[in-house]
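# Structure at a glance
Residues per chain, in single letters:
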Amino acid sequence: MSPAARAATLQARRSARFVAWVRAWRAGLVPCDDAAAEISGDEEHMVSDVPGTWTDVSLTDAIAALSKLHPDEVRLVLPAPGDPRGLPGPGPFSGAALLAGEGVIAGGLGFVPEVRLHTSGSGDEFETVRWQVFVLPMTPPSTDAPSTAEAEAELSAELATATRTLAKLDIAQWRPELAGAIEALRKPDGATDLPPGYDPRARRLYARAAVLDRVLALAEHAAPGGAINGYEVQQRDAALRPLTTACRRALVAACNAPLL
């Protein structure tokens with residue numbers, strides 16, 4: 001699959017949609033079934049090790065186990081190597097979330113998605129999503145989270161800096177197919193919408209960060225970026241690194257923002 005085609009099929013982070021729609025459900029703004037449908041989209045989702053169950057359960061049944069939580073008890077974490085912000089400390093959940101680059105904290109439970117690739121008898125490939133549930137240690141919630149206003153300002157500043165650097169490096173010449181891929185990602189779709197209950201700033205920030213997150217994922221898949229030499233690869237990576245961090249923080253701020 002070409003990078004452009006890959007970009008068109010990249011999903012918005014599943015944990016981000018999980019948090020946003022479960023929080024809206026817990027606020028009484030959407031039904032549980034609708035929340036599960038919005039999270040899964042056209043994928044098949046199953047959940048393992050939900051307390052009180054003995055086999056994998058559907059996403060709807062797993063979400064129902066969170067029926068006593070307040071919306072603010074459900075939050076998104078997007079850790080990265082060297083940046084474990086939001087994690088509850090060392091443990092199985094933190095390790096899995098760090099490996100996946102995403103996770104959900106829902107009261108005393110943690111959810112981490114794993115995408116599994118399957119091949120049908122006819123040779124067609126398809127994916128399923130398995131959420132692993134972890135019982136979390138009793139730790140105070142992380143307070144190192146930017147407001148939507150702070151995250152929006154940080155993202156704008158880093159985007160401007162990265163754009164200037166990448167323009168000097170002439171990435172468009174290295175990767176002409178990126179233009180088509182980015183254009184495809186700019187098309188509106190449900191993956192860049194937050195559910196009812198979020199204010200306009202959070203919606204704007206999420207839509208912007210979700211698209212940018214998928215473009216940055218494409219840049220990673222396209223490594224080393226068609227650069228002319230190793231020095232330019234290093235320059236590109238140095239330009240994208242702070243932008244990637246700002247993008248993750250923007251998604252966290254938007255999804256965890258107070259509901260109206």
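Here's what I pulled together on the structure shown here. (Residues numbered from 1 in each chain as written. Predicted model: local features only at pLDDT ≥ 70, side-chain atom pairs only at ≥ 80, totals over all residues. Heavy atoms only, no water.)

## Remarks on helix 5 (residues 92–100)
Note the following rule: Only protein chains enter the area calculation, which uses a 1.4 Å probe; residues under 20% of their type maximum are buried, those over 50% are exposed, and those in between are partly exposed. Each helix corresponds to a stretch of at least 4 residues labelled H or I by DSSP, and each strand to a stretch of at least 2 residues labelled E; elements are numbered beginning at the N terminus. This arc describes the spread of directions from the helix axis toward the C-beta atoms.
Within the span of helix 5, buried status applies to Phe93, Ser94 and Ala97. Taken end-on, helix 5 shows its buried residues confined to a sector of 95 degrees, consistent with a single buried face. In helix 5, those exposed residues whose orientation departs by more than 90 degrees from the buried face are Pro92 and Leu99. At the exit of helix 5 stands Gly101, carrying a positive phi of roughly 80 degrees.

## Considerations on the environment of Leu98
Defined as follows: In what follows, a contact means two residues having at least one pair of non-hydrogen atoms within 4.5 Å.
If you trace the backbone, Leu98 turns up in helix 5. In this structure Leu98 comes out as partly exposed when scored by relative accessible area, which is 34%. When the C-alpha atoms of Leu98 and Pro84 are compared, they prove to be 7.4 Å apart, with 14 residues separating the residues in sequence. Beyond its immediate sequence surroundings of up to four residues, Leu98 is in contact with Pro79, Ala80 and Pro81.

## Structural notes on the side chain of Asp213
With respect to the element layout, Asp213 can be found in helix 9 (residues 200–221). In contact with Asp213, other than residues within four places in its own chain, are Arg13, Cys247 and Leu251.

## A closer look at the nonpolar core
So the rule is basically this: Side-chain atoms within 4.5 Å are what join buried Ala, Val, Leu, Ile, Met, Phe, Trp, Tyr and Cys residues into a set we call a nonpolar core.
Residues Phe18, Val47, Leu66, Phe111, Leu155 and Tyr206 are the most contacted members of the largest nonpolar core, which totals 56 residues. Ranked by residue count, the leading element in this core is helix 10 (residues 230–255), at ten residues. Grouped together as the second largest cluster of nonpolar side chains are eight residues, Val77, Leu87, Phe93 and Ile105 included.

## Re helix 3 (residues 32–40)
Within helix 3, burial applies to Cys32, Ala35, Ala36, Ile39 and Ser40. Take helix 3 and look down its axis: the buried residues cluster within an arc of 120 degrees, on one side only. For helix 3, the secondary structure elements touched by its buried residues are helix 2 (14–26), strand 1 (44–48) and helix 4 (59–64).

## Some remarks on the side chain of Gln132
Definition in use: Identification of polar contacts relies on pairs of N or O atoms within 3.5 Å, with a donor-acceptor requirement for protein atoms, meaning one able to donate a hydrogen and the other able to accept it, and with residues adjacent in sequence counted only if both atoms are side-chain atoms.
Within the element layout of this structure, Gln132 appears in strand 6 (residues 125–135). At a separation of 2.5 Å, a polar atom in the side chain of Gln132 contacts the side chain of Asp49. For Gln132, the side chain forms a polar contact with the side chain of Arg130, separated by 2.4 Å. Setting aside its immediate chain neighbours within four residues, Gln132 contacts Ser48, Asp49, Gly110, Phe111 and Val112.

## Quick look at empty space enclosed by the protein
Under the convention used in this document: Here a cavity means grid points, on a 1 Å grid over the protein atoms only, where a 1.4 Å probe fits yet cannot get out; a pocket means an open set of points with protein on both sides within 12 Å along at least five of seven lines; lining residues are those with an atom within 4 Å of a point. Grid points are joined across faces, edges and corners, and a volume is the space filled by probe spheres set on the points. When residue character is reported, Ala, Val, Leu, Ile, Met, Phe, Trp, Tyr, Cys and Pro are called nonpolar, Asp, Glu, Lys and Arg charged, and the others, Gly included, polar.
In the structure shown here, the tally under the stated rule is one cavity of 30 Å³ or more. The wall of the largest cavity is formed by Ala12, Arg13, Ala16, Tyr206, Ala210, Asp213, Arg214 and Leu251. No other element matches the four residues that helix 9 contributes to the lining of the largest cavity. The class makeup of the residues in the lining of the largest cavity is five nonpolar, no polar and three charged.

## Let's talk about the pairing of strand 4 (residues 103–106)
Note the threshold: Two strands make a pair as long as DSSP finds a minimum of two bridges between them.
Going residue by residue along strand 4, you find Gly103 and Ile105 tucked away on one face and Val104 and Ala106 tucked away on the opposite face as well. Note: strand 3 (residues 74–77) against strand 4, four bridges, orientation antiparallel. Across the sheet, residue Val77 finds its bridge partner in strand 4, namely Gly103.

Nothing here speaks to function; it is all geometry.
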